[in-house]
Amino acid sequence: MADRFVYHCTLRWSDLDAYGHVNNARFLTLYEEARVAMMFAGGRAWGVDSFADGVVIRRHEVDYLRPIDYALGRATAEAAPTVRIELWVEQIRAGSFTVAYELYDGEVLASTARSVLVPFDLIAKRPRRINDDERTFLLSYAPAGGPG
């Protein structure tokens, strides 16, 4: 597999539900932070700024494998607990791409997910095609042999 994008996301007290676990809806926020870091900061480092011009979500799919506690035992006075999110590009089509994720609590896989994203022209208010620079960037995070 090609390089995965790895993002360490700080948990916030507001991520918790009434049971002291990270709320299932907040998983999407954690995945979003990792995806934005890859596409906007990572893309910009590659010279690809166009994702910041517009990308919309067509679909999310999340599997919850185990609850995540805030884990005060892992926190310090300087740093809150974190989770590790690994993401890669699973599929590229002419007008969409699929990002896959694994979210780890320590070394334990806690969730997997997929998001289908569509480049979007915010001015024309319509989807657009993936350009060559975007495709090259996305392929850098695709499995060896290219996405299916």
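Residues numbered from 1 in each chain as written. Predicted model: local features only at pLDDT ≥ 70, side-chain atom pairs only at ≥ 80, totals over all residues. Heavy atoms only, no water.

Peer 1: I'd like a rundown of the pattern of salt bridges, residues and numbers included.
Peer 2: Scanning the model with the defined rule gives 13 salt bridges in all. Between Arg12 and Glu33 there is a salt bridge, with its nearest N and O atoms 2.7 Å apart. Separated by 21 residues along the polypeptide, Arg12 in the loop between strand E1 (5-10) and helix H1 (24-45) and Glu33 in helix H1 bring together distant segments of the chain. Of the residues examined, Arg12 reaches a relative accessible area of 26% and is grouped as partly exposed. On the accessibility criterion, Glu33 (24% relative accessible area) is partly exposed. Arg59 serves as the salt-bridge partner of Glu61, at 3.4 Å between the closest nitrogen and oxygen. Judged by its relative accessible area of 48%, Arg59 is partly exposed. (Salt bridge = Lys/Arg side-chain N within 4 Å of Asp/Glu carboxyl O. Helix = DSSP H or I, 4+ residues; strand = E, 2+ residues; numbered from the N terminus. Buried < 20%, exposed > 50% of the residue type's maximum accessible area, 1.4 Å probe, protein only.)

Peer 1: Could you give an account of the pairing of strand E5 (residues 108-121), with specific residues and numbers?
Peer 2: Here E5 lies mainly inside the structure; 10 of its 14 residues are buried. With nine bridges joining them, strand E2 (residues 55-64) and E5 adopt antiparallel strand pairing. Opposite His60, over in E5, you have Ser115 as the bridge partner. Relative to E5, strand E4 (residues 97-105) runs antiparallel, the two sharing nine bridges. The residue bridging Asp105 from the neighbouring strand is Val108, located in E5. (Pairing = 2+ DSSP bridges.)

Peer 1: Please provide a residue-by-residue account of the nonpolar core, values included.
Peer 2: Formed by 31 residues in total, the largest nonpolar core has its most connected members in Met38, Ile85, Phe97 and Leu103. Looking at this core, the elements that each hand over two or more residues are E1, H1, strand E3 (82-92), E4, E5 and helix H2 (132-139). For this core, the element with the most residues is H1, which contributes seven residues. Apart from the residues within four sequence positions on either side, Phe97 is in contact with Met39, Phe51, Gln91, Ile92, Ser115, Val116, Leu117, Pro119, Ile130 and Leu138. (Core = buried A, V, L, I, M, F, W, Y, C linked by side-chain atoms within 4.5 Å. Contact = heavy atoms within 4.5 Å.)

Peer 1: Describe H2, with residues and values.
Peer 2: Among the residues making up H2, those that are buried are Glu134, Phe137 and Leu138. One face of H2 carries all of its buried residues, which in axial projection span an arc of 95 degrees. Residues Asp132 and Asp133 are exposed on H2 and point more than 90 degrees away from its buried face. Buried positions along H2 lie against H1, E3 and E4. With a side-chain oxygen positioned 3.1 Å from the backbone nitrogen of Asp133, the residue opening H2 is Asn131. (Arc of directions from axis to C-beta. Polar contact = N/O pair within 3.5 Å; in protein donor to acceptor, adjacent residues only side chain to side chain.)

Peer 1: Could you give an account of the environment of Cys9, with specific residues and numbers?
Peer 2: Here Cys9 is to be found in strand E1. Using a relative accessible area of 0% as the deciding quantity, one classes Cys9 as buried. Taking the C-alpha atoms as reference, Cys9 lies 9.7 Å from Ala80; in sequence the two are 71 residues apart. Every residue in contact with Cys9, bar those within four places of it in the chain, is listed here: Leu30, Glu33, Pro81, Thr82, Val83 and Ile85.

Peer 1: Please set out unusual backbone geometry residue by residue, giving values where relevant.
Peer 2: Positioned with a positive phi, Lys125 is a non-glycine residue whose angle comes to about 60 degrees. Looking at where Lys125 falls in the secondary structure, it is placed in the loop between E5 and strand E6 (126-127).

Peer 1: Lay out the packing of aromatic side chains in plain terms, naming residues and giving numbers.
Peer 2: Aromatic ring pairs are defined here through the distance separating the ring centres and the angle between the ring planes. One pass over the full model with this rule turns up seven aromatic pairs. A centroid spacing of 5.9 Å and a plane angle of 85 degrees characterise the contact between Phe5 and Tyr141, whose relative ring orientation is edge-to-face. On the criterion of sequence distance, the pair formed by Phe5 in strand E1 and Tyr141 in the segment after H2 is long-range, its members being 136 residues apart. Classification of Phe5 by relative accessible area gives buried; the value is 14%. Tyr141 gets classed as buried once you look at its relative accessible area, which sits at 13%. For the ring pair Phe51 and Phe97, a centre distance of 5.6 Å and an interplane angle of 55 degrees mean the geometry is tilted. Taken together, the positions of Phe51 in the loop between H1 and E2 and Phe97 in strand E4 put the pair 46 residues apart, joining distant regions of the chain. (Phe/Tyr/Trp six-rings, centres within 6.5 Å; stacked < 30°, edge-to-face > 60°.)

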